[in-house]
Amino acid sequence: MATFVWQSNHANMMRLLFKATLVILLLTQKISFGQEMLKVAIAGLSHDHVHLLLNLYEQKKVDIVGIAESDPQLVQRMQTRYHIPDHLIFENLSHLLERVKPAVVLAYNPTDEHVQVAELCMPLKIPVMAEKPLAINKKQAKRIAELANEHHTLFLTNYETTWYKSNQHLKRLVDEKATGTITKMMVKDGHQGPREIGCSEDFLRWLTDPAKNGGGALMDFGCYGANLMTWLKKGERPKAVTAITKQLKPDIYSKVEDDATIVLEYQDGSTGVIQASWSWPYSVKDLQVFGAEGQWHAVDDTTLLKYPAHQKPSKIQLPDNYYENHLAYLQAILNGKLQSDDDLSSLSNNLIVVEILEAAKKSAAEGKRILL
């Protein structure tokens, strides 16, 4: 009997030891029952949005397998700040892709270089997500689409406002006809200016260069409105675009416009008004939808207000059932749990976005309404 009790206790102890060891492995190796961290490569470090990704890297929420950046000083600063080992650094994306094959490439380089990323990644069937906008003009956007379609590989575009719960819930309400027929959409995006808010010189060098970014505030912030409106209208192209651009601060932004107003006209008589500026006295990214049943206002990422007819606004309770950020979204895409056919990141949406932005630049330059 004593022998049996000892053996039983010994077995229990061994089971407890095994469970404790398994817990330690799960914590230290970041294994989560088949859900490994997303393996990504980075194309470029000059876009300041890369800090969001590198913070997640420091928190062990993403696995960076390589970084392509040709500026050694920029690389050194990022390595020092985020403790990035030397073996992850490559001079260019071509060399990186010869050594490693990531699950996805995230592009944080100048907008005019997105097409180069597509040229390298699409034939290797490596998906790409670039920071907004997709391209500087229709020619480059068309080339990216040709490569993506030829090689059956995703090329996605990332916007901060995609991950706003307020926007996602407002879209659901529109699809459920809760707003009634849309009569007008208004989007206001911008801040005090990229230099004024402290953007890095690496970012400013190309953000304020019309050849590298395609323009100024019109491209930088006008794309948000075009993206959201195309989504709300289920991929419909506007029939006409009219735009006015201004240089309110020519001493700071001498090469590009720092303020733009864009009006979109749709076949059903509805309109979209996009206000994009580097001259707001505060930072703002909001969306308003006016319909036959009232007005809805996504004030920020977590606040959605409803304005019923002849009543005070009420705050809408937002469900917590969408993706937290672009990494969670990409994981779902790559695992086959989600299709990106017509969503905010999709190629179909962002081809229309670039078409709208190019028409807006033409309208502002020629002083006339542009028919699409």
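Residues numbered from 1 in each chain as written. Predicted model: local features only at pLDDT ≥ 70, side-chain atom pairs only at ≥ 80, totals over all residues. Heavy atoms only, no water.

A.B. asks: Just checking my understanding: could you explain the overall build of the chain for this structure?
C.D. replies: A tally of regular secondary structure across the chain gives 13 helices and 15 strands. With the C-alpha coordinates aligned to their principal axes, the bounding extent of the chain is approximately 95 × 55 × 40 Å. In the chain, which comprises 372 residues, the proportion classed as buried is 51%. For the chain, the share of sequence-separated contacts (at least 6 apart) that also reach a separation of at least 24 residues comes to 72%. A total accessible area of about 18300 Å² is found for the chain, and carbon and sulfur atoms account for 54% of it. Counting 41 positive and 43 negative side-chain charges, the chain places the centres of these two groups 4 Å from one another. (Helix = DSSP H or I, 4+ residues; strand = E, 2+ residues; numbered from the N terminus. Buried < 20%, exposed > 50% of the residue type's maximum accessible area, 1.4 Å probe, protein only. Contact = heavy atoms within 4.5 Å. Areas by Shrake-Rupley, 256 points an atom, 1.4 Å probe, with all protein chains shown as cover. Lys, Arg positive; Asp, Glu negative; His and termini not counted. Charge placed at Lys NZ, Arg CZ, Asp CG, Glu CD.)

A.B. asks: Even after reading the chapter, I still don't get the pattern of salt bridges, so can you show me in this structure?
C.D. replies: Close approach of charged atoms allows side chains with opposite charge to pair. What the rule picks out here adds up to 17 salt bridges. The residue Lys 212 makes a salt bridge to Glu 113 at a minimum N-O spacing of 3.1 Å. Of the two residues, Lys 212 is situated in helix H9 (residues 210-213) and Glu 113 in the loop between strand E4 (104-107) and helix H5 (114-121); the sequence distance between them amounts to 99 residues. Owing to a relative accessible area of 22%, Lys 212 belongs among the partly exposed residues under this scheme. (Salt bridge = Lys/Arg side-chain N within 4 Å of Asp/Glu carboxyl O.)

A.B. asks: I keep staring at the packing of aromatic side chains and nothing clicks. Help me out?
C.D. replies: Each aromatic ring pair is specified by the distance between its two centres and by the angle formed by the two planes. The final tally for this structure, using the stated rule, is nine aromatic pairs. On the numbers, 6.2 Å between centres and 25° between planes, the contact of Trp 163 with Tyr 322 is stacked. With Trp 163 in the loop between strand E6 (155-158) and helix H7 (165-175) and Tyr 322 in the loop between strand E14 (314-315) and helix H12 (326-334), this pair connects stretches of sequence that are 159 residues apart. Summarising the aromatic geometry, the rings of Tyr 323 and Tyr 329 are spaced 6.3 Å apart at their centres and angled 80° between planes, so their arrangement reads as edge-to-face. One aromatic cluster is present, built from ring pairs that chain together Trp 163, Tyr 322, Tyr 323 and Tyr 329. Positioned over the ring face of Trp 280 is Lys 188, at 5.4 Å from the centre of the ring. For Lys 233, the ring lying beneath its charged end belongs to Tyr 266, and the centroid distance is 5.0 Å. (Phe/Tyr/Trp six-rings, centres within 6.5 Å; stacked < 30°, edge-to-face > 60°. Lys NZ or Arg CZ within 6 Å of the ring centre and 35° of its normal.)

A.B. asks: Before we go on, may I ask you to explain the sheet that holds E6 in this structure?
C.D. replies: Pairing between the strands of a sheet is mediated by backbone hydrogen bonds and can be parallel or antiparallel. In spatial order, the strands read E3-E2-E1-E4-E5-E6; together these six strands make up an open sheet with parallel pairing. The open sheet terminates on both sides in strands that have one partner only, identified here as strand E3 (89-90) and E6. Examined bridge by bridge, strand E1 (residues 39-43) and E4 share four bridges and lie parallel to one another. Looking across to E4, one finds that Ala 41 is bridged to Val 105. (Pairing = 2+ DSSP bridges.)

A.B. asks: Explain unusual backbone geometry here, please?
C.D. replies: Excluding glycine, residues mostly carry a negative phi; peptide bonds, for their part, are mostly trans. Looking along the chain, the bond that leaves Lys 132 and enters Pro 133 is cis, with omega of -10°. Relative to the helices and strands, Pro 133 is located in the loop between strand E5 (128-131) and helix H6 (138-150). Its identity is not glycine, yet Lys 125 carries a phi of approximately 60°, on the positive side. Topologically, Lys 125 is positioned in the loop between H5 and E5. Residue Lys 125 is classed as partly exposed on the basis of its relative accessible area of 49%. Residue Lys 234 is not a glycine yet carries a positive backbone phi of 55°. Position of Lys 234 among the secondary structure elements: in the loop between helix H11 (222-232) and strand E8 (240-246). Judged by relative accessible area, which is 58%, Lys 234 ranks as exposed.

A.B. asks: How should I be thinking about the side chain of Asp 259 in this particular structure?
C.D. replies: Assignment of secondary structure puts Asp 259 in strand E9 (residues 259-265). Of the side chains bearing the opposite charge, Lys 246 lies closest to the buried Asp 259, which forms no salt bridge; the N-O distance is 5.6 Å. Engagement of the side chain of Asp 259 in a polar contact is seen with the side chain of Ser 277, the distance being 2.8 Å. Those residues in contact with Asp 259 that sit more than four places away from it in its chain are Ala 217, Ile 244, Thr 245, Lys 246, Leu 248, Ala 276 and Ser 277. (Polar contact = N/O pair within 3.5 Å; in protein donor to acceptor, adjacent residues only side chain to side chain.)

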